[in-house]
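# Examining the three-dimensional arrangement
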Amino acid sequence: MRLILAEDTVLLRASLTGLLERLGFEVTAVPDGAALTAAVHERVPDLVLTDVRMPPAFADEGLRAALALRASFPALPIVVLSQYIEPDGAAELLAGGGGRAIGYLLKDRIVDVEDFAATLRRVAAGGTAVDPQVVTRLLRRRAEPVAVLTPREHQVLALIAEGLSNAAIMRALDISEPAVGKHVRNILTKLGLPPDDDTNRRVLAVLAYLGSR
């Protein structure tokens, strides 16, 4: 699997490159958003892994580059890996490309390298992976629209946005799968969103709604 890594910190870039290569990825490492854009246009990879804040301004250059690449290549799998949460850009990125092949992970919450590699492969295959803290920030941005949900529906919504299936939500909350299905239908109805059995489309619907203005 060919991966392009965009990370401005020299030591972290070298460390991640070595780790990812040991995990079986073919890695091209670049130091900023401009180099990332050029590398993807030169040869579209199986996955992009990018930080948020990079040169020259150390604002959201990496995220902006990811958004531009997603616009040019809607099917391009992208995982943002950062210590920062940028809610506006995160909502826009997660809502794009049909809600598929997108991830937003936090560096300091990666605790198992094998799980990390599995998450990257899942996103490359079309899945979605969102750190719970990112989900929480997105939910807080749109507190009023989701105020109609019950506490249990809030829990289910957060897990949906993380990319969990009904079966996974059932295990996480220790409730029956029919109960999960009922909660999901209630959430989509209350938010004015059409029900859909596809997990990635549910993530798209939730995050697109949270990111709408």
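Refer to the structure presented above.
The structure presented is a predicted model; accordingly, all values stated were derived computationally and were not measured.

Once that is clear, we can look at the overall build of the chain. When you go through the chain residue by residue, the secondary structure sums to ten helices and six strands. Across the 213 residues in the chain, those meeting the buried criterion constitute 50%. Of the contacts made within the chain by residues no fewer than 6 positions apart, 68% connect residues no fewer than 24 positions apart. Put simply, the chain shows about 9,800 Å² of open surface, and 53% of that area lies on carbon and sulfur atoms.

This part covers the nonpolar core. Among the nonpolar cores identified, the biggest contains 31 residues, and Leu-36, Val-40, Leu-93, Tyr-104 and Val-134 are the most heavily contacted of them. Where this core is concerned, the elements lending two or more residues are strand E1 (2–6), helix H2 (33–42), helix H3 (61–72), strand E4 (78–82), helix H4 (87–95), strand E5 (102–106), helix H6 (132–141) and helix H7 (151–161). The element that contributes the greatest number of residues to this core is H3, accounting for five residues. Those residues in contact with Val-134 that sit more than four places away from it in its chain are Ile-85, Ala-90, Tyr-104 and Leu-106. Core analysis: the second largest hydrophobic core is formed by 18 residues, Leu-23, Phe-25, Val-79 and Ala-129 among them.

Attention now goes to the sheet that holds strand E2 (residues 26–30). With respect to topology, six strands assemble into an open sheet ordered E2-E1-E3-E4-E5-E6, the strand pairing being parallel. Both outer strands of the open sheet, E2 and strand E6 (128–130), are each paired with one neighbouring strand and no more. In this sheet, adjacent strand axes meet at a mean angle of 20° when their direction is disregarded. As defined by bridge partners, E5 adjoins E6 across three bridges and the pair is classed as parallel. The partner of Ile-102 across the bridge, within E6, is Thr-128. This element, helix H1 (residues 10–22), spans E1, E2, strand E3 (47–50) and E4 of the sheet and lies at about 170° to E2. Here H2 sits on the sheet and contacts E1, E2 and E3; the angle it forms with E1, its principal contact strand, is near 165°.

Closest axis-to-axis distance for the H2/H3 pair is 9 Å, and the angle between their directions is 20°. In terms of orientation, H2 lies roughly parallel with respect to H3. Remark: the crossing between H2 and H3 carries right-handed chirality. Touching Gly-33, Leu-36, Thr-37, Val-40 and His-41 of H2 are Ala-65, Leu-69 and Ser-72, all from H3. Among the residues making up the contact of H2 with H3, the classes are represented as four nonpolar, four polar and no charged.

How each quantity is defined
Residues numbered from 1 in each chain as written. Predicted model: local features only at pLDDT ≥ 70, side-chain atom pairs only at ≥ 80, totals over all residues. Heavy atoms only, no water. Helix = DSSP H or I, 4+ residues; strand = E, 2+ residues; numbered from the N terminus. Buried < 20%, exposed > 50% of the residue type's maximum accessible area, 1.4 Å probe, protein only. Contact = heavy atoms within 4.5 Å. Areas by Shrake-Rupley, 256 points an atom, 1.4 Å probe, with all protein chains shown as cover. Core = buried A, V, L, I, M, F, W, Y, C linked by side-chain atoms within 4.5 Å. Pairing = 2+ DSSP bridges. Axes fitted to C-alpha atoms, helices over the stretch in contact; angles between N-to-C directions. Parallel < 35°, antiparallel > 145°, perpendicular 65-115°, else oblique. Left-handed = near helix turned anticlockwise from the far one by under 90°. Nonpolar A, V, L, I, M, F, W, Y, C, P; charged D, E, K, R; others polar.

Bear in mind that shape data such as this cannot, by itself, settle questions of function.
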